[in-house]
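Topology and contacts: notes
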2 protein chains.
Amino acid sequence: MVERPLPIAVDAMGGDYAPRAVVDGAIEAAEGGLDVVLVGDRPRVEPMLDPSRLTPVTRQRLRVHHAAQVVTMEERPVAIRTKQDASVRVCARLVRDGRASAMVSAGNTGAAVIAAKTVIGTVPGVDRPALAGLFPNPNNATVVLDVGANVGVRSQHLREFAVMGHFYAQEILGTPSPRVGLLSIGEEQSKGTELTREVFEVLQSTGLNFVGNVEGRDVFRGTVDVIVCDGFVGNVLLKTSESLASFLLTMVRDTLRSSWRGRLGALLARPAFAGFRDRIDWAETGAAPLLGVKAGCFIGHGSSGPRAVANAIRRAREFADAGLDAKIRDKIAELHDREKLHLHAAADA
Amino acid sequence: MVERPLPIAVDAMGGDYAPRAVVDGAIEAAEGGLDVVLVGDRPRVEPMLDPSRLTPVTRQRLRVHHAAQVVTMEERPVAIRTKQDASVRVCARLVRDGRASAMVSAGNTGAAVIAAKTVIGTVPGVDRPALAGLFPNPNNATVVLDVGANVGVRSQHLREFAVMGHFYAQEILGTPSPRVGLLSIGEEQSKGTELTREVFEVLQSTGLNFVGNVEGRDVFRGTVDVIVCDGFVGNVLLKTSESLASFLLTMVRDTLRSSWRGRLGALLARPAFAGFRDRIDWAETGAAPLLGVKAGCFIGHGSSGPRAVANAIRRAREFADAGLDAKIRDKIAELHDREKLHLHAAADA
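**Overview of the overall build of chain A**
When helices and strands are tallied, chain A shows 13 helices and 11 strands. Taken over C-alpha atoms, the radius of gyration comes to 21 Å for chain A, in line with the 20 Å a tight globule of 349 residues would show. By residue count, 57% of the 349 residues in chain A fall in the buried class. Sequence-distant contacts, at least 24 apart, represent 73% of the contacts inside chain A between residues at least 6 apart. Of the accessible surface of chain A, which amounts to about 14,300 Å², a share of 51% is contributed by carbon and sulfur atoms. Each charge class in chain A was averaged separately, 42 positive and 40 negative side chains, and the resulting centres sit 4 Å apart.

In structure tokens:
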């Protein structure tokens, strides 16, 4: 008999449309065969799992774990520190205690980051867990990190990001030797800020496939697999891209609707566009993993609908099954050892 | 008799397709009634102005001014310092000497910035001229500055950017009271970096219509008219957006071509899409003005084709006619005076 994996803990109270959208997303994931623990206010969540809507098998895959408190989207992330029973914190606790294999939240990003870091804990050697955004490119996808968990990083943090991104691309995107680039504003090593120039040298000594500086234009080109940057820049990049994708789609739609020829053309092209929509859907459904914590933690948009939540749950499952945290831990440890060697060598010289 | 305005000085040697694409762009602008001085290697440029291709009126609007040197795209911007006769430097000199009213270059950005700053000079009170990018939004356009002239700015520089962006939006976009936002990663004043928190307070005291922090998602939404940020972040934002727009367009095209229904639909929708293309063309034709120098200086992409060059020349003309530099100078002076008053008041207290 195959052992069933631990369920994914889902913050039922997190997000603009919680708990309804989260519960519906969990149902979708359960229908696909995944086990989910919905963490939140039981009196509100339980009735949404109406058995008349669900098959017995699906219903059995869904459990509710009560949590009495919530950190709202408007609260400062540190509010999590005093709310011991906040849903997102309880999710982290279930993971830490071996009762769930990963967690998902579409709530307050900062609060989720703090909960994951302090309750689940970081991989040894990782100072700053990073949110890894996934952007489509003509071949596959580009991993950009950090997209918002850290502002004001130092060079060793960007090195951690590079290592984590490397394994993420390898395990999740199936890229054998991911090309890692440093986000800057020109390809030459001399371009950029003091930090990027410093990091450039640091990344050259990691043993990763470091391809040097890359620019914003490389995100959607497939010229690089992993892009590392500070969380401020990464967050701007993420949100700008989402906003542009949605602006362009709206414009395409409005343009087509503005004439009968356009409407007829759109009707004919609809099947073709369905595939297109799936590909650029990342803007709506992309939950980002917080890499560098001891287990999977996926953080989605506050605006996540059921589909986005279901998608995040599936990706959390995949992440847990790949054992990524262990791989990141080992490589970081190796780099630290190597650095110690360098330091010893330097001291001996 | 109406006096003819001074011509626009165009760096004929700047850009990946120079001088051919630049000359063709200048011809297009001249056909539209604008006077242009093409600055560059006369033996190469002059023959491209083949009189058999041009009407006498057009030919008369085009002059060539010889410049013996070039700063290539690959050279470090500081190379301009030792190349007294570089085409981009000669453009700046023509403007300084009152022989051209503004300049356009699609060459080495850094070199153009240095030439404009040192030869034309900055508006009194402006420390850091900034490149202003124009992004489409559902209502009109959003000005983002700086998109790449300055890396590592301080709060007073961002204040200068805000003032310059305000006037640019007012004069060029016709927005009566431009809403100015500070690019950050959350709307609350507490979000962002040390710098953004400091700038937030500075911007509140400018008398501009400061709407607080904005995010990457606001660039294409029409929720704000001017967005100020450091040149590193702005450049990433600009290049990421261009890359995404081109990626999505390619994907739409490929999707449509992949089936007969799609091809037929595309054919029908073509007129509708023509308008669409014009609107998102900013990615290909957007030359950015360097605000804060004593005259118009437009810097285009290295990849600029004739259409982009012609467009940049037209915008340089418009800029010069609006007298923007004088308006920026007066407002900056007013802010400085106000600050001095504050300082005096503080000293008296």
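**Overview of the pattern of salt bridges**
Following the criterion strictly, the structure yields 26 salt bridges over all chains and no others. Between A:D97 and A:R96 there is a salt bridge; the shortest N-O distance is 2.9 Å. Its salt-bridge partner being A:K239, residue B:E215 comes within 2.2 Å of it at the nearest N-O pair. With B:E215 in the loop between strand 8 (209–214) and strand 9 (226–228) and A:K239 in helix 9 (residues 231–257), this pair bridges two chains.

**As for the nonpolar core**
Among the nonpolar cores identified, the biggest contains 104 residues, and A:V39, A:I80, A:M103, A:V144, B:V39, B:I80 and B:M103 are the most heavily contacted of them. Contact partners of A:V144, with chain neighbours within four places excluded, come to A:L131, A:A132, A:G133, A:F135, A:V219, A:I227, A:C229 and A:L237.

**Description of the interface of chain B and chain A**
Each partner contributes residues to the interface: chain B has 50 residues there, and chain A has 50 residues. For the pair chain B and chain A, the summed buried area comes to about 4,600 Å², and 78% of that belongs to carbon and sulfur atoms. Where chain B packs against chain A, one counts two salt bridges. Linking chain B with chain A are six residue pairs in polar contact (both at pLDDT 80 or more). Elements with a contribution of two residues or more to the side of chain B that touches chain A: helix 8 (231–257) and helix 9 (260–280) of chain B. Tallying contributions element by element places helix 8 of chain B first for the side of chain B that touches chain A, with 17 residues. Here the residues of the side of chain B that touches chain A sort into 28 nonpolar, 15 polar and seven charged.

**A few points about the relation of the copies chain B and chain A**
Its rotation angle being 180°, the transformation that places chain B on chain A also includes 0.0 Å of axial translation and leaves an RMSD of 0.1 Å. The operation mapping one copy onto its partner corresponds to a two-fold rotation axis. In terms of C-alpha distance to the rotation axis, chain B has B:G265 as its closest residue, with the C-alpha 1.8 Å off the axis.

**Let's talk about unusual backbone geometry**
Residues and elements named next belong to chain B. A cis geometry characterises the amide bond from A18 onward to P19, with omega recorded as 0°. Assignment of secondary structure puts P19 in the loop between strand 1 (8–11) and helix 1 (20–31). A cis amide bond links L145 with the next residue in sequence, D146, at an omega value of 10°. Looking at where D146 falls in the secondary structure, it is placed in the loop between strand 6 (141–145) and helix 6 (155–172).

**Quick word on the state of the cysteines**
Formally, a disulfide is one covalent bond, and it connects the sulfur atom of one cysteine to the sulfur atom of another. All names here are of chain B. Inspection of every chain in the model, using the stated rule, returns zero disulfides over all chains. Summary of cysteine pairing: C297 is not part of a disulfide, and the nearest cysteine sulfur, belonging to C91, is at 8.8 Å. Accessibility expressed as a relative area gives 1% for C297, which makes it buried.

**Digging into the sheet that holds strand 10 (residues 288–291) of chain B**
Residues and elements named next belong to chain B. The strand order 3-2-1-4-11-10-5-6-9-7-8 describes an open sheet built from 11 strands, whose pairing is mixed. Only two strands of the sheet have a single neighbouring strand rather than two, namely strand 3 (62–66) and strand 8. Adjacent strand axes in the sheet meet at a mean angle of 25° when their direction is disregarded. Here strand 7 (residues 179–183) runs beside strand 8; their pairing, made up of five bridges, is parallel. Counterpart to G181 in the pairing with strand 8 is G212.

**What about the packing of helix 6 of chain B against helix 11 (residues 306–322) of chain B?**
For any two helices packed against each other, the geometry comes down to the angle between their axes and how far apart the axes lie. Residues and elements named next belong to chain B. As a packed pair, helix 6 and helix 11 sit with axes 11 Å apart at the nearest point and diverge in direction by 100°. With respect to their mutual orientation, helix 6 and helix 11 come out roughly perpendicular. Residues Y168, E171 and I172 of helix 6 pack against R315, E318, F319 and A322 of helix 11. Across the contact of helix 6 with helix 11, the residue classes tally to four nonpolar, no polar and three charged.

**Points about the confidence of the model for chain A**
Averaged over all residues, the pLDDT of chain A is 88; the fraction at 70 or higher stands at 92%. Across residues 343–349 of chain A, where pLDDT falls below 50, the model places zero contacts with residues more than four positions away in sequence or in other chains.

**Some words on the side chain of B:T240**
Assignment of secondary structure puts B:T240 in helix 8. Of note is the side chain of B:T240, whose polar atom sits 2.6 Å from the backbone oxygen of B:V236. Setting aside its immediate chain neighbours within four residues, B:T240 contacts A:G216, A:R217, A:V219, A:F220, A:L237 and A:S241.

**What to know about the environment of B:E75**
Residues and elements named next belong to chain B. By the secondary structure assignment, E75 is in the loop between strand 3 and helix 4 (87–96). By relative accessible area, which is 25% here, E75 ends up partly exposed. Along the backbone, E75 and L94 are 19 residues apart, and their C-alpha atoms lie at a distance of 23 Å. When sequence neighbours within four positions are dropped, the list of residues in contact with E75 reads V70, K83 and N108. For E75, the side chain forms a polar contact with the main-chain nitrogen of T72, separated by 2.8 Å. Polar contacts involving the side chain of E75 include one to the side chain of K83, which spans 2.9 Å.

**What to know about the sheet that holds strand 4 (residues 102–105) of chain A**
Adjacent strands of a sheet form backbone hydrogen bonds with each other and so pair up, either parallel or antiparallel. All names here are of chain A. With mixed pairing, 11 strands are arranged side by side in an open sheet as 3-2-1-4-11-10-5-6-9-7-8. If you trace the sheet from one side to the other, it starts and ends with strand 3 (62–66) and strand 8 (209–214), each paired once. Averaged over all adjacent pairs, the angle separating strand axes in this sheet is 25°, with direction ignored.

**A closer look at the packing of helix 9 of chain A against helix 8 of chain B**
Direction vectors running N to C along helix 9 of chain A and helix 8 of chain B enclose 35°, while the axes themselves pass 9 Å from each other. Our pair here, helix 9 of chain A against helix 8 of chain B, has a crossing hand that is right-handed. Contacts from A:F232, A:V233, A:V236, A:L237, A:T240, A:S241, A:L244, A:A245 and A:L248 in helix 9 of chain A reach B:F232, B:V233, B:V236, B:L237, B:T240, B:S241, B:L244, B:A245 and B:L248 in helix 8 of chain B. When the residues that make up the contact of helix 9 of chain A with helix 8 of chain B are grouped by side-chain class, the tally is 14 nonpolar, four polar and no charged.

**What to know about the packing of aromatic side chains**
Residues and elements named next belong to chain A. Following the criterion strictly, the structure yields 10 aromatic pairs over all chains and no others. Their ring planes at 75° and their centres at 5.2 Å tell us that F200 and F210 sit as a pair that is edge-to-face. Of this pair, F200 sits in helix 8 (residues 194–204) while F210 sits in strand 8; the two residues are 10 residues apart in sequence, bridging distant segments of the chain. For F210, a relative accessible area of 15% puts it in the buried group.

Criteria and cut-off values
Residues numbered from 1 in each chain as written. Chains lettered and ligands numbered in written order. Predicted model: local features only at pLDDT ≥ 70, side-chain atom pairs only at ≥ 80, totals over all residues. Heavy atoms only, no water. Helix = DSSP H or I, 4+ residues; strand = E, 2+ residues; numbered from the N terminus. Rg over C-alpha atoms; globule rule 2.2 N^0.38 Å. Buried < 20%, exposed > 50% of the residue type's maximum accessible area, 1.4 Å probe, protein only. Contact = heavy atoms within 4.5 Å. Areas by Shrake-Rupley, 256 points an atom, 1.4 Å probe, with all protein chains shown as cover. Lys, Arg positive; Asp, Glu negative; His and termini not counted. Charge placed at Lys NZ, Arg CZ, Asp CG, Glu CD. Salt bridge = Lys/Arg side-chain N within 4 Å of Asp/Glu carboxyl O. Core = buried A, V, L, I, M, F, W, Y, C linked by side-chain atoms within 4.5 Å. Buried area = accessible area lost by both parts, 1.4 Å probe. Polar contact = N/O pair within 3.5 Å; in protein donor to acceptor, adjacent residues only side chain to side chain. Nonpolar A, V, L, I, M, F, W, Y, C, P; charged D, E, K, R; others polar. Least-squares fit on C-alpha atoms with pLDDT ≥ 70 in both. Disulfide = S-S within 2.5 Å. Pairing = 2+ DSSP bridges. Axes fitted to C-alpha atoms, helices over the stretch in contact; angles between N-to-C directions. Parallel < 35°, antiparallel > 145°, perpendicular 65-115°, else oblique. pLDDT = per-residue confidence, 0-100. Left-handed = near helix turned anticlockwise from the far one by under 90°. Phe/Tyr/Trp six-rings, centres within 6.5 Å; stacked < 30°, edge-to-face > 60°.

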